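# Summary of structural features
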Amino acid sequence: MKNWVIETENIPAEITFSLGKVILENALVRREIETQGCKTVSFFNYQKNIEMIDTPKGDFWISLNGKNYSTDVFDFSECRLVPCEERVPFKKSPTMTYHGSYPPPGKAVEICYNGTEIPLAVTVRYEIYDGMPVIMKRITIKNISADEIIIDNIAADVMCITQNRDSIFVDSDYNSTTQFLGLDLSKYAKNYARFQYDFLEIAPLFRMNIKVKGAEELSSICAYELLFSADYYESRLIEVKEMYRRVAPWCTDNVLFFHLISNSSRTIRRAVDQCAEIGLEMIIQSFGSGVNMESGNERYLSRMKKAYDYGHEKGLRMGAYTLAYVKDYHPVKGDEALNHDGSHICRCLACEWAEQYMKNVIRFIDKTGADAVEIDGPYGMLMCSGGKTHKHDDFTDSQYKQWKASVADWYNEIKQRGVYINAPDWHFLNGISRCPVGYEEIAFSEKRAEQLITSRIYYYKGTFDKNPSQGWGFLPLNVYHGGGKDAMFFPTEKNAFEFDWAMAQITASGVWPTIRGKKVYDSQTGKEIFKKWVSIFKKYREVLNGITVHFMPPRIDAEKPDRTTCIDAIMNQLPYGDTRGFVMFFNQTDSERTEEITLPVYYTGLTELSAPPAPFENTKNSDVLYPLYGEEIAPLVIKARDGSQRTFVTDDKVVDKPIPPLPEAELTACEICVSKEDKKPENYRIDTNGNIKMKITLPPMSYEWYVLKEVRKG
């Protein structure tokens, strides 16, 4: 069997009942639960022949009225097979590149219990999917008494795991991290999962504190558990990204959008015409545009509806930006203030103001027909000390209640309307499609040539843990924060070289940025460049949003930060379809460079290997030097305009298995076709390490792109 990420044959999931046990299984993973006591007795990784469970332990706990109860106070009632559920309202768009069904095909079971000491009925839901080593789990409780009770917290899963802890990845809809650097559960999952001595516990870090009336139900957070087949950092993250493609397909919506800095109906119509002319697919009225999604003015809403209707007539999705958390970059005073760090710059999203704010945004969507929204917030699951207008009791329940109101409930309501969501935090399992690929805003007030390098660094770093469509970059057509004419890409007639280069690397990465301006193009030259790259992006969108393979990182020259020190590359691959790969090489130096390239092609699915090979040394994001410019926390502090205060940093070292030297390779009978700009095909034989060798020569300050395809026989 091939690695499940590139396996094209169906691997069906099954659920069986046997001798008081429920068994969830596919050819990749098996979980066996004793129904009495709801104890997982085996969680087996077939791919690595590893048993995860040391000792059976109750699969959940519930804190009721201040006291914790484990599974031993519940009697088993029944098991029932049920369909996998649509957790997030789903509307497929033509710009999504994942074509499977949602919910992902698989099997689900509910195991039901009644409390012997407490007035609760509990339903434990497990889902296992075809072709994925992933199991989803959630707990739902029902108050079967007439009295109101308080649920302090619910552990969605509890398993005794002491060995092989690095073989499990845990995700949750309570996740708000921004990156999975190092795959360290204690960092990326700090709000929802932790190892307690010898067991893994998946529950909100702080209390839920929910009052449940008689006959009412309450669900826990949702847990996704992935058992790795791979050994190394990048190949493991490729498995995480493949899980997202299947369990949250909306995050594969690689729509080409434009950020418009205007609220004028005439300017919106002009932008619609320009977008339609060059092939863009969405307009989001940007921060600084003057759009007001909180407005209740009927004349204003009617005007915006007419503008959005015009966009819809031209085939565009239309939407706007709204600032959910930080207000005007000034301290917020009064009952809505967040006191998480004493700065008072944020508003609580579990208060009366926030409740009305979210209703206002929904009203704007309904009145105008908006089908896209960019929500600036909520940031990082912050916490609030409370006040008289708040919907939480104190600091400890503020995190959960803000998340429940602003992410779980509000995002669900937005997704019911089929609206595309951009948002800064990692709420993909709640319906967002895109968050930042990783960038420091002040970088885009630096010189254009330096922006090119820093953007490639962000594309490089940010695609270890995100599919390209899950991240956005940045391209300022007009001035952004500062930097003047040297930082903006308009006028494109004058700045055609940098604008073309920027669009080239955007296309190669598959990471569509916030292209922000007062109009889409300002010259015939700019229009032609834009249209050319939009056309190329659309032609290869499927593979550009495929599996990013890191092998030649960008190396910034710290002495001359508008140049690199060597050739770097961006490559995406797919194990199916006509086009199996797209790679672009960049020489942002002042001299011609000739190199023999070792090109990894395992994820094209055209090798004889059954598992991904060891990655190349020094390709992890932690090895990449990148500039640090200023403070990102509002109010924005711009420090590095002339470079005098610029510093360079690297990420924390990634914990990875030692990477052995590649064994001496021999050529196999497997071949792949590589063609420059899809015009000059040349066949290469793939070696036993899953690589090919190709020689390239790049003039100074140039790039070249190639397409990889299956060799057609006969």
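Here we summarise the structure given alongside this text. (Residues numbered from 1 in each chain as written. Predicted model: local features only at pLDDT ≥ 70, side-chain atom pairs only at ≥ 80, totals over all residues. Heavy atoms only, no water.)

### Structural notes on the state of the cysteines
Linking two cysteines covalently via their sulfur atoms produces the bond known as a disulfide. To be explicit about the condition: Criterion for a disulfide: a pair of cysteine sulfur atoms at a distance within 2.5 Å.
For the coordinates displayed, the defined rule picks out zero disulfides. Free cysteine Cys84: the closest other cysteine sulfur is in Cys222, separated by 11 Å. No disulfide involves Cys670; its sulfur sits 15 Å from the nearest other cysteine sulfur, which is in Cys673.

### Side note on the layout of surface pockets
Selection criterion: Here a cavity is any set of points on a 1 Å grid over the protein atoms alone where a 1.4 Å probe fits but cannot get out, and a pocket is any open set with protein on both sides within 12 Å along at least 5 of 7 lines; a residue lines the site when it has an atom within 4 Å of a point. Grid points are joined across faces, edges and corners, and a volume is the space filled by probe spheres set on the points. Elements are defined by DSSP. Helices are runs of H or I of four residues or more, strands are runs of E of two residues or more, and each kind is numbered from the N terminus. Under this grouping Gly is polar, as are all residues other than the nonpolar Ala, Val, Leu, Ile, Met, Phe, Trp, Tyr, Cys and Pro and the charged Asp, Glu, Lys and Arg.
Computed from the structure, the second largest pocket encloses a volume of approximately 490 Å³. Lining the second largest pocket are 23 residues, with Glu7, Tyr98, Glu242, Arg246 and Tyr576 positioned closest to its centre. With three residues, the top contributor of residues to the lining of the second largest pocket is helix H2 (residues 233-247). When the residues that make up the lining of the second largest pocket are grouped by side-chain class, the tally is eleven nonpolar, six polar and six charged.

### A word on unusual backbone geometry
Heads up, the rule is: Here's how the labels work: a residue is buried when its accessible area is under 20% of the maximum for its type, exposed when over 50%, partly exposed in between, all with a 1.4 Å probe on protein chains only.
Following Tyr102, the chain continues to Pro103 via a peptide bond in cis, the omega torsion being 0 degrees. For the bond running from Phe490 to Pro491, omega is -5 degrees, close enough to zero to count as cis. Examined against the element boundaries, Pro491 turns out to sit in the loop between strand S28 (474-476) and helix H8 (496-509). Positive phi is not limited to glycine here, since Leu19 has a value of about 50 degrees. Position of Leu19 relative to the elements: it lies in the loop between strand S1 (14-18) and strand S2 (21-25). Judged by its relative accessible area of 84%, Leu19 is exposed. The phi dihedral of Asp678 is positive, around 60 degrees, even though this residue is not glycine. Topologically, Asp678 is positioned in the loop between strand S36 (667-676) and strand S37 (680-687).

### Some thoughts on empty space enclosed by the protein
Counted by the stated rule, this structure contains six cavities of 30 Å³ or more. Forming the walls of the largest cavity are 21 residues, and the residues nearest its centre are Glu234, Val549, Tyr603, Pro613 and Pro615. Split into classes, the residues belonging to the lining of the largest cavity amount to 14 nonpolar, six polar and one charged. The wall of the second largest cavity is formed by 14 residues, among which Tyr459, Tyr460, His550, Ala569 and Ile570 lie closest to the centre. When residues of the lining of the second largest cavity are traced back to their parent elements, those giving at least two are helix H7 (448-462) and strand S31 (568-573). Ranked by residues supplied to the lining of the second largest cavity, first place goes to S31 with four residues. Partitioning the lining of the second largest cavity into residue classes produces eight nonpolar, four polar and two charged.

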